[in-house]
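# Descriptive structure summary
Here is how the chains run, residue by residue.
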Amino acid sequence: MKSPNLNKPMFQVCPEYANSVRNGECITCDSKITNEGFSDEISIKEYGISGMCQECQDSVFNNPTKITS
Ligand SMILES: [Zn+2]
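Summarised in this report is the structure supplied together with it.

Definitions and limits used
Residues numbered from 1 in each chain as written. Predicted model: local features only at pLDDT ≥ 70, side-chain atom pairs only at ≥ 80, totals over all residues. Helix = DSSP H or I, 4+ residues; strand = E, 2+ residues; numbered from the N terminus. Buried ≥ 20, exposed ≤ 12 C-beta atoms within 10 Å, placed from the backbone. Contact = placed C-beta atoms within 7 Å. Core = buried A, V, L, I, M, F, W, Y, C linked by C-beta atoms within 7 Å. Arc of directions from axis to C-beta.

Attention now moves to the overall build of the chain. The secondary structure content of the chain amounts to four helices and zero strands. In the chain, the order of α-helices and β-strands from amino to carboxyl end is α-α-α-α. For the chain, buried positions account for 20% of its 69 residues. Restricting the contact set of the chain to residue pairs at least 6 apart, pairs at least 24 apart contribute 38%.

Moving on, we come to the environment of Cys-26. Mapped onto the elements of the fold, Cys-26 is located in the loop between helix H2 (15–22) and helix H3 (41–50). Here the alpha-carbon distance between Cys-26 and Glu-55, two residues 29 residues apart in the chain, equals 9.6 Å. Beyond its immediate chain neighbours, meaning those up to four positions away, Cys-26 contacts Ser-20, Ser-31, Ile-33, Met-52, Cys-53 and Cys-56.

Attention now moves to the nonpolar core. With seven residues, the main nonpolar core is built from Tyr-17, Cys-26, Ile-27, Ile-33, Tyr-47, Met-52 and Cys-53. Not counting the four nearest positions on each side in its chain, Ile-33 is found in contact with Gly-24, Glu-25, Cys-26, Tyr-47 and Cys-53.

Attention shifts here to unusual backbone geometry. Even without being a glycine, Asp-30 presents a positive backbone phi close to 65°. Here Asp-30 lies in the loop between H2 and H3.

Along the chain, Ile-49 turns up in helix H3. Measuring from C-alpha to C-alpha, the distance between Ile-49 and Lys-2 comes to 8.9 Å, with 47 residues separating the pair along the chain.

Inspection of H3 places Glu-46, Tyr-47 and Ser-50 among the buried residues, and these make up the whole buried set. Looking straight down H3, one finds its buried side chains confined to an arc of 110°; they lie on one side. Those residues of H3 that are buried lie in contact with helix H4 (54–61). Two residues or fewer past H3, Gly-51 is found with a positive phi of approximately 75°.

Structurally, Met-10 can be placed in helix H1 (residues 9–13). Spatially, the C-alpha atom of Met-10 lies 9.3 Å from that of Ser-50, the residues being 40 residues apart in sequence.

Listed below in structure tokens is the structure:
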């Protein structure tokens, strides 16, 4: 599983997010990140972009706007 790129601007702006990623935790709810926690490949990929666990991705992507960068 690919971890989010810690050089991304959002991790420069919010160093506590980068800490969560280093600890293998979700950046928003601090849940432990595991492969089993994700429902599909797309969600695992999304973790590599946003650093969020399945649950947090679900709550964010229930909204029509999806993070694409
Ligand atoms: Zn989470």
